[in-house]
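# Per-entry structural report
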Amino acid sequence: MSELITITTPLRLFEGHEERISAVAVFPDKRRMITGSYDTTLRLWDLKTGVVLKKMEGHRNRVWSLAVSRDGQLIASGDSGGEVIVWHGETGESLTKIEAYSNYIDSLDFSPDGTVLATGAFREKMTKLWNTKTWQLQGETIECDCVRCVRYSPSGELLAIATYEDIQIYNSGTRKRVKSFKAHKSSNLSLAWTPDGTRLLTGGNNSDPTIREWDTKTWKQVGDPWTGHTDFIHAIAIHPAGTLVSSASRDNDVRLWQLSDRRTVAIFKRSSYPVCDTFSVDGNHIFSGGDDKMISEWTTIVTTTVRDACIDGDLSTAEELLVQDINTDANNHTPYILAITTSRIACLNGDLSTAEELLTQDINTSPHNYTSYAHRSFVMARKYDWDRALLDAITSIRIQPSLTGYISKGIALCGQGRVLDARAAFDVASMYTDQDSEILHFLLLIKVITFFNADQHDEANLLLKELATGCPNADTLACGIVQAYLYVQLGIKALDGARYDEAADHFTAALDSRDPSSKSNIHEIYEDLVVLFGWDLKSTWQKAHHKRCDALLRAGKLQDAVKSYQHVMTSTDEITNADCLDWSNGESRIHFKQQCSALCAANGDAAFAASDYDKAIDLYSVAIDLDSASDIFFASRSEAKLSKMLWEDALFDARKVTELNPSSHVGYQLSHSALRGAQRYDEAIEAFTIMLSKLDDAPEEQIRDLRQQYVCPSEAEDAIRGAVWIELSNAPLRLLNTSTGILCDRAAQLNSFKTSPEYKELLSSITKRSDLQMERIKEVVATHFRCVLLSHRWEETEVLLHHIQNTDVRELKGLGGITKLQSFCKIARDAGYFWAWMDTCCIDKSNNAELGESVQSMFVWYRHSALTIVYLSDVPPSSEPGALASSVWNERGWTFQEFVAPKVIRFYQKDWSLYLNDRSLNHKESQAIMKELEGATGIDAQALISFRPGMRDARQKLQWASKRVTTVQEDTAYSLFGIFDVHLPVIYGERKQSALGRLLQDIVSRSGDITSLDWVGQSSEFNSCLPADLISYATPPYSLPSLSEDEIQTAVSSLRNIVPVDSTSQLYDLLENMNTPLFANCRLRLPCIAFRVTEVKRRPGRAVHSTYEVKADGLQDLMITTGKTLIQFSRARPIRQTFFLVRPWDRRLLGLPDFSEQPTFADEGESVGDWSESQSGLDDTEESSSNSPGEEELSVDLDVHSQSLRLMVHLGQAFSALLLAQQHVGEYKRVASDQYIIAQVKDPASIDITNIRTLDIL
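This is a predicted model, so every value here is computed, not measured. (Residues numbered from 1 in each chain as written. Predicted model: local features only at pLDDT ≥ 70, side-chain atom pairs only at ≥ 80, totals over all residues. Heavy atoms only, no water.)

## Points about the sheet that holds strand 9 (residues 83-88)
Across the sheet, which stays open at both edges, the four strands sit in the order 7-8-9-10 with antiparallel pairing between neighbours. Looking at strand neighbours, the two that pair on one side only are strand 7 (63-68) and strand 10 (94-99), the edges of this open sheet. Ignoring which end each strand starts from, the neighbouring axes of this sheet average 20 degrees apart. (Pairing = 2+ DSSP bridges. Helix = DSSP H or I, 4+ residues; strand = E, 2+ residues; numbered from the N terminus. Axes fitted to C-alpha atoms, helices over the stretch in contact; angles between N-to-C directions.)

## Structural notes on the state of the cysteines
All chains considered together, the criterion is met by zero disulfides. With no disulfide of its own, Cys-146 lies 9.3 Å from the sulfur of Cys-144, the closest cysteine sulfur. The exposure class of Cys-146 is buried, given its relative accessible area of 11%. (Disulfide = S-S within 2.5 Å. Buried < 20%, exposed > 50% of the residue type's maximum accessible area, 1.4 Å probe, protein only.)

## Things to note about the nonpolar core
By size, the foremost hydrophobic cluster in this structure holds 121 residues, and its most contacted members are Ile-720, Leu-821, Phe-824, Trp-837, Phe-907 and Phe-980. What Phe-907 contacts, discounting residues up to four positions off in sequence, is Val-870, Leu-872, Leu-884, Trp-889, Phe-899, Ser-913, Leu-914, Tyr-915, His-923, Ile-929 and Leu-933. By size, the runner-up hydrophobic cluster in this structure holds 45 residues, among which are Leu-477, Ala-478, Leu-490 and Leu-532. (Core = buried A, V, L, I, M, F, W, Y, C linked by side-chain atoms within 4.5 Å. Contact = heavy atoms within 4.5 Å.)

## Some details on the sheet that holds strand 14 (residues 142-143)
Taken in spatial order, the four strands line up as 11-12-13-14 in an open sheet, and their pairing is antiparallel. The sheet terminates laterally at strand 11 (107-110) and strand 14, the two strands that pair on one side only. Bridge count for strand 11 against strand 12 (residues 116-121) is four bridges, and the pairing is antiparallel. The partner of Leu-108 across the bridge, within strand 12, is Thr-119.

## As for the packing of helix 25 (residues 713-728) against helix 27 (residues 757-765)
To characterise two packed helices, one gives the angle between the axes of the helices and the distance between these axes. Between helix 25 and helix 27, the shortest axis-to-axis distance is 9 Å and the interhelical angle comes to 125 degrees. Compared by their axis directions, helix 25 and helix 27 come out oblique. Every pair of crossing elements has a handedness; the one defined by helix 25 and helix 27 is right-handed. Here helix 25 contributes Pro-713, Ala-716, Glu-717 and Ile-720 to the contact with helix 27, which in turn contributes Tyr-759, Leu-762 and Leu-763. Looking at side-chain class alone, the contact of helix 25 with helix 27 contains six nonpolar, no polar and one charged residues. (Parallel < 35°, antiparallel > 145°, perpendicular 65-115°, else oblique. Left-handed = near helix turned anticlockwise from the far one by under 90°. Nonpolar A, V, L, I, M, F, W, Y, C, P; charged D, E, K, R; others polar.)

## Things to note about the packing of helix 5 (residues 370-382) against helix 7 (residues 403-415)
For the pair helix 5 and helix 7, interaxial distance at closest approach is 9 Å and the crossing angle is 20 degrees. The orientation of helix 5 relative to helix 7 falls into the category roughly parallel. The handedness of the crossing between helix 5 and helix 7 is left-handed. Contacts between helix 5 and helix 7 pair Ala-374, Ser-377, Phe-378 and Ala-381 from the former with Thr-404, Gly-405, Ile-407, Ser-408 and Ile-411 from the latter. Along the lines of polarity and charge, the residues of the contact of helix 5 with helix 7 split into five nonpolar, four polar and no charged.

## Concerning the packing of aromatic side chains
Inspection of the entire model under this criterion finds 34 aromatic pairs. Ring centres 5.8 Å apart and planes at 25 degrees place the aromatic pair Phe-1129 and Phe-1139 in the stacked group. Linking Phe-1129 in the loop between strand 38 (1118-1122) and strand 39 (1139-1144) with Phe-1139 in strand 39, this pair joins segments that are ten residues apart in sequence. Here Phe-1129 falls in the buried class, since its relative accessible area comes to 5%. Taking relative accessible area as the criterion, Phe-1139 reaches 6% and is therefore assigned buried. Aromatic rings pair up to connect Phe-181, Trp-193, Trp-214 and Trp-219 into one cluster. Looking at Arg-148, its charged tip hangs above the ring of Phe-122, at a distance of 4.1 Å from the centre. (Phe/Tyr/Trp six-rings, centres within 6.5 Å; stacked < 30°, edge-to-face > 60°. Lys NZ or Arg CZ within 6 Å of the ring centre and 35° of its normal.)

## Some details on the environment of Cys-149
Along the polypeptide, Cys-149 turns up in strand 15 (residues 147-152). Given the relative accessible area of 5%, Cys-149 is considered buried. Setting aside chain neighbours within four positions, we find Cys-149 in contact with Ser-107, Ala-160, Ile-161, Ala-162, Leu-189, Ser-190 and Leu-191.

## Here's the deal with the pattern of salt bridges
Overall, the coordinates contain 58 salt bridges when judged by the stated rule. Put simply, Arg-20 and Asp-291 hold a salt bridge, and the shortest N to O gap is 2.5 Å. Placement of Arg-20 in the loop between strand 2 (12-15) and strand 3 (21-26) and of Asp-291 in the loop between strand 27 (285-290) and strand 28 (294-299) is noted, with a sequence separation of 271 residues between them. The exposure class of Asp-291 is partly exposed, given its relative accessible area of 30%. The salt bridge partner of Glu-761 is Arg-676, with a shortest N-O separation of 2.6 Å. Highlighted residues: Glu-761 in helix 27 and Arg-676 in helix 22 (residues 666-677), separated in sequence by 85 residues. (Salt bridge = Lys/Arg side-chain N within 4 Å of Asp/Glu carboxyl O.)

## Some words on a negative patch on the surface
Together, Glu-795, Glu-796, Asp-874 and Glu-891 make up a region of like negative charge exposed at the surface. Summarising the element assignment, Glu-891 is placed in the loop between helix 33 (883-886) and helix 34 (894-900). Using a relative accessible area of 44% as the deciding quantity, one classes Glu-891 as partly exposed. (Patch = residues over 30% accessible without salt bridge, like charges linked within 9 Å, V, L, I, M, F, W, Y side chains within 5 Å. Areas by Shrake-Rupley, 256 points an atom, 1.4 Å probe, with all protein chains shown as cover. Lys, Arg positive; Asp, Glu negative; His and termini not counted. Charge placed at Lys NZ, Arg CZ, Asp CG, Glu CD.)

Below you can see the structure in the form of structure tokens.
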């Protein structure tokens, strides 16, 4: 290949456009060219004269893109306004207009058969396909991000779309995406398919101004990116023969590349940057246009022999010089066999289409030129068109039998697999050598190569061997060259087939077959082999050396690969050294060494990716042996050793990285990982801190940008501290450290954690911002601060706070209760917990604020405990089942929440052995123990296991707690704060009735639950509607009888014709809009249905409690038993005081969702917010209804009268009534009774709105 040529003067300029030329294309007739411009016009040019044939107007906006159909009959152009105009390819007349988009049309392309036009738009992120007969959309739009370029494959089977993000490949028939891949670092600007469709080339923007080559079978990148451009690559064009590539870039260059080796052949310098380019049909010219408003024409004929003539555009001189070279070169062995003149340049450059065209022109000029037919047969054989090759060979022989004719026939027949016929052709060819031994010898070499290419390897090798040894006048150098080349081809096949040992043997044989004494330029001597078979003799030895190293490395023979390299490097053979230097592109031998080491490193990377770390380490070690100055290899080996957990070895390599590249952050990053693995956390943090400083100080912006993803240790400390405080917010204020025996406050707990290995390991692991959110911080913190709480019955003497402050509890002796504390801490420590808590000694009871907070938080503490240990001091060792149920622990008030709150619990007997010897980790999962506790407490086993605090089922929870006792009377209420999730002041010294009253008041006010008013016994001084003691809830509430739906419907039917519609609806509406009970300042505002008492008469008897016969308007007569003395009266003997029997209003009677079904508690420590008056049951019901699609409409359609009648039926059932006695105007007190007052209306139809009241009860 010729050396790089820079050309600044184009052959010709096409001038006429008034603004930038944005697109260019040539017609298949070779005569015309079309251009599009920002000046809104297209121009049709005569390529021969350079004259504008037609100025095509019609666009209203800048012409942005254009395309010509393969047959030249259609032109399509797209503009910046989204309009496509289709023009006639011959006349240039407008055929149709399409409003394709609303903005820029960035790219157009016709399918190879011309039936579809593809259009792509960047801003609208879509590609559309148009039927070229109807010009309607064909199929659905392809949604594909910001489109830069669309190109059909040569077969039309595939459509490639370059988008801002990636390259997308679609099946053009099915529209299904076949593949998408990230081609360039940023935007992908341009596309081009090779004529055979086996490769796709892509061009990038200024962030990645390279061309990349992709294998269209695997969609893997082929080779390295093509580098040279420094700015946007706007367009790529490929030579019709697929040998050359042209690219237009914003760096003002049009580059000409050789596709085979991806090297730049020439650079065409423009005065302004080009945005479009294309090849001429014959491939001899490039046309490029851009900001200079002109099309520049450049020649592509560039060879070493005729370079100067080509630069001047003197093609006749170029040919003349080439013929002169051929005829005068003394080293040209076969001037008579392949004296191709007009097409020799094209054949040498691999431009077979041009060669074919030139030879065809010769044939057309001289139809009886048998040589031209034979030469074209050689070209067709190069193109693997065996039928045409054979036809041309036969035609040549028919015109005149000749040596070249029969050689071409033999080659063509072998290509068709007709080896026997080919032998005959070569035999006949020998008759035309004039017995010239040199020509005969070369003929036999051609036969060898031809048979080898036909996979007749054995025959070819045998013939070559006989030729080399049996012919006295044989050209041994030629035999060696052919032998070497054949070995290289066999080696490449073996390498491609992953037969690496075999490949290495072939490459070695190729190198061994070379005559070391020859210093000739074999590429020039045997140029005819290049012309005839397309051989690249220049790279044969380079390839053999390179491939042998590669094969040995791939075979895992690292030592042999290095030895092969060292052999080349230390060889005294000048030719061998020259080959090595040529392999390294003419640079120093160091480069060759780097290539070999890089290959080792690449294989090491592959082994690392496959998790074969031992192999990776070996390969990186070889690379280091070859290039010990590379910090990258040491870094790679360090990573592999880290994966093997070879911490110290990895640290050695990491420090070597730092030594070789002190300014890089990588060595410190690896050191950090190695030191962490070695559990040297303080050093790891120090290394990480230095790494951050290296990132901050890096000169490269992209390296500095990496700093943004990392956090400094202080930020990590803050994140951990935040997680600790969150964790401790649900833990007791003081905790016992089970390892040290010391009682610790919050600060001491945090300091203890910060000195632990767990903390240092965690701190050293938090390096990136994403780590700040990771669950691992929470997990490590939660694990460290897991706390064990004790539930027990206080003894006469217990260890208190002042006993253990600043003291190791393990060393204390002689204190009452110390054994219990020490045993508890030991069990916690043996179970792997760092922290323990016991209520007797871990609360400062002299501090009212701390005591109040502890009472408020105790349920949450037990809820979040990792384990709660229940110590049963009255259950002896080896007790039988039932002992737990008999324990006094079950009777205490505080132990209620201490058992239902925890998720994990274990019971221990007096000697600290497990109850029933049950060694399960959680006794709540023991059916036997839970069944025993269910019987002892009356609490359902499932509720014991999955208890949820809150207002729901308040009456039942009060019943569960009703018989439990506390030493301090206020604790009767305080011990239930957590059960109901209430937050009230803790006021030790207030009376029990006050504490209980405040609790019940909060329950009723916040939940609206009136079941808390359902009790028997003595009234509280706090409020007469509340009991004086929890024992009043021990009696289960009166269970209202339920009606079946049939009974309800029957009752509704009986009322329908009796009760007026207006009155029932009015009653329903009034009750529906009643507020929930409001409890504040010891006063209850109770919505109710009130029945005035008309008569109270005491029944005779001397019992402690009196029984009264009571009559009330609208109610059936009933009996009331109470300890209170009631004033007797009747209608005949009225009194001034008013009495009511009331039915507290229960919204459930409306048939709406029960308030208890509403969520009232968020688990894991979340609290229920206070309810305001507006958050009544009414509002909840309305909200619930609105949240159910369709229910609102359904309610409108329902029979409102039927709803009202159903309510009256329910009101007609028996109910638990309250007896209220008037105190002052508008104020009442409840008269407590020893039994539930069960009342029932005489006639549901008699209930009206006058019964509905809201009464203030003291």
